[in-house]
Structure formats: C-alpha cells, structure tokens
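Here are the chains, one letter per residue:
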Amino acid sequence: MKRILAVLAALILAVFALTACSDNNDSSDNDSADHDGMAMTSMPTSMSMPSMPLGMSTPGASSMGIVISGFEYSTPESVMPGQVLTIQNNDTVEHSVTSDTAGLFSEDIEAGETETITVPNEPGTYTFHCTYHPSMRGTLTVK
C-alpha cells in the first residue's frame, strides 16, 4: 500500500512540475491567425512598448498608421496612394475605420487589436468615421 501511495505521490508531483513549466497560452483565448489567415506571434510580456504608439502624427512620419485611443483617431500627416495602413485600437471597445465614401474602405477593429486597410490610389482628402461611435471622425490625406 505504501508503494502505491509513493508512486501516486510521485506521479502527482510530476504532473504539477510539468504544468508549471509548460507554456501558458490557451488556444481558446488566443486566435492563432488574424483575419487574413496569417499567423500572429505574441510578444513576451517583459518587453516594453515604444514611448510613442505606432501611428501618432509626427512631422515626416507619412508611413505610420492610425491609432485609436480615448475614442479618438490619431492619423499620419499624409499617406502614399495605395499604401497598406496599420490601424491599432488601444481602446477597450470595438471601433471601425469606415470611409464616408461608401465602399472605399471599412475595417472593424476589436479592442486591443490591429488591422490594416489599403488607402485609395487617388491623391486627395478622405474622411472616415466609426460606425459604432458616430462622433469619432478622422481624415486621411493621400499624396
């Protein structure tokens, strides 16, 4: 009987040790691919983020993307025609980037997620809004 208890105790300890050393990613909480079917990788939690989020408007930063934070859009000063633009939603609710010109571009971005849009090929000024929060408005300048 003592032998069975000793083996059982050793087995339980081994299970706990293996569980403690295993990867904590739960596939039910994290999708392994984004909406385009491309694999996504997670960033280790010990890494720090840059002091200025991707997409903040700065002089000469035309290749940056759109950042949504505090129910406001931060856009680059200008973008190139046909450029693929990253949209980062830093809010805790879903937003969209939807062109005021029907069918030009529209993307829903879940809270904390990143998506992309392709900007129009024609130079000009394009206004957009959030379909979930109509007071959110932004402008893209394509040069």
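Computed from a prediction, not measured in an experiment: that's the story for all the values here. (Residues numbered from 1 in each chain as written. Predicted model: local features only at pLDDT ≥ 70, side-chain atom pairs only at ≥ 80, totals over all residues. Heavy atoms only, no water.)

Caption draft 1: Region of interest: the overall build of the protein. Regarding its fold elements, the protein presents one helix and eight strands. Put simply, the protein has 143 residues, and 24% of those count as buried. Here the contacts in the protein between residues at least 6 apart in sequence split such that 40% fall between residues at least 24 apart. For the protein, the exposed surface amounts to about 9,800 Å²; the carbon and sulfur share of it is 57%. (Helix = DSSP H or I, 4+ residues; strand = E, 2+ residues; numbered from the N terminus. Buried < 20%, exposed > 50% of the residue type's maximum accessible area, 1.4 Å probe, protein only. Contact = heavy atoms within 4.5 Å. Areas by Shrake-Rupley, 256 points an atom, 1.4 Å probe, with all protein chains shown as cover.)

Caption draft 2: Highlighting the sheet that holds strand 8 (residues 137-142). Read from one edge of the open sheet, four strands run 5-4-7-8, paired in antiparallel fashion. The open sheet has two edge strands with one neighbour each: strand 5 (106-109) and strand 8. Taking each pair of neighbouring strands and ignoring which way they run, the sheet shows an average axis angle of 25°. In this sheet, strand 5 lies alongside strand 4 (residues 95-99) in antiparallel orientation, the contact comprising four bridges. Looking at the pairing, Thr98 lines up with Ser106 of strand 5. (Pairing = 2+ DSSP bridges. Axes fitted to C-alpha atoms, helices over the stretch in contact; angles between N-to-C directions.)

Caption draft 3: Structural detail: the nonpolar core. Residues Ile66, Tyr73, Val97 and Leu140 are the most contacted members of the largest nonpolar core, which totals 17 residues. Looking at this core, the elements that each hand over two or more residues are strand 1 (66-69), strand 3 (84-89), strand 7 (124-129) and strand 8. (Core = buried A, V, L, I, M, F, W, Y, C linked by side-chain atoms within 4.5 Å.)

Caption draft 4: Representation of the pairing of strand 1 within the structure. Pairing geometry for strand 1 and strand 3, over three bridges, is parallel. The residue of strand 3 that forms the bridge with Ile68 is Asn89. Two strands pair when backbone bridges link them, and strand 1 and strand 2 (residues 72-74) are joined in this way by three bridges, in the antiparallel orientation. The residue bridging Val67 from the neighbouring strand is Ser74, located in strand 2. Remark: two residues form the turn of the hairpin made by strand 1 and strand 2, two consecutive strands paired antiparallel; Gly70 in that turn has positive phi of roughly 65°.

Caption draft 5: Highlighting the confidence of the model for the protein. Averaged over every residue, the pLDDT of the protein is 74; residues scoring 70 or more account for 56%. Scored below 50 in pLDDT, residues 18-63 makes 41 contacts in the model with residues more than four places away or belonging to other chains. (pLDDT = per-residue confidence, 0-100.)

Caption draft 6: Just the sheet that holds strand 6 (residues 114-118), in detail. The four strands lie next to each other as 2-1-3-6, forming an open sheet whose pairing is mixed. In this open sheet, the two edge strands, each paired with only one partner strand, are strand 2 and strand 6. Recorded for the sheet is a direction-independent mean angle of 25° between the axes of neighbouring strands.

Caption draft 7: Here's a closer look at the environment of Thr114. In this fold, Thr114 is placed in strand 6. Along the primary structure Thr114 and Gln88 are separated by 26 residues, whereas in three dimensions their C-alpha atoms are 4.5 Å apart. Excluding its chain neighbours within four sequence positions, the residues that come into contact with Thr114 are Thr86, Ile87, Gln88 and Ile109.

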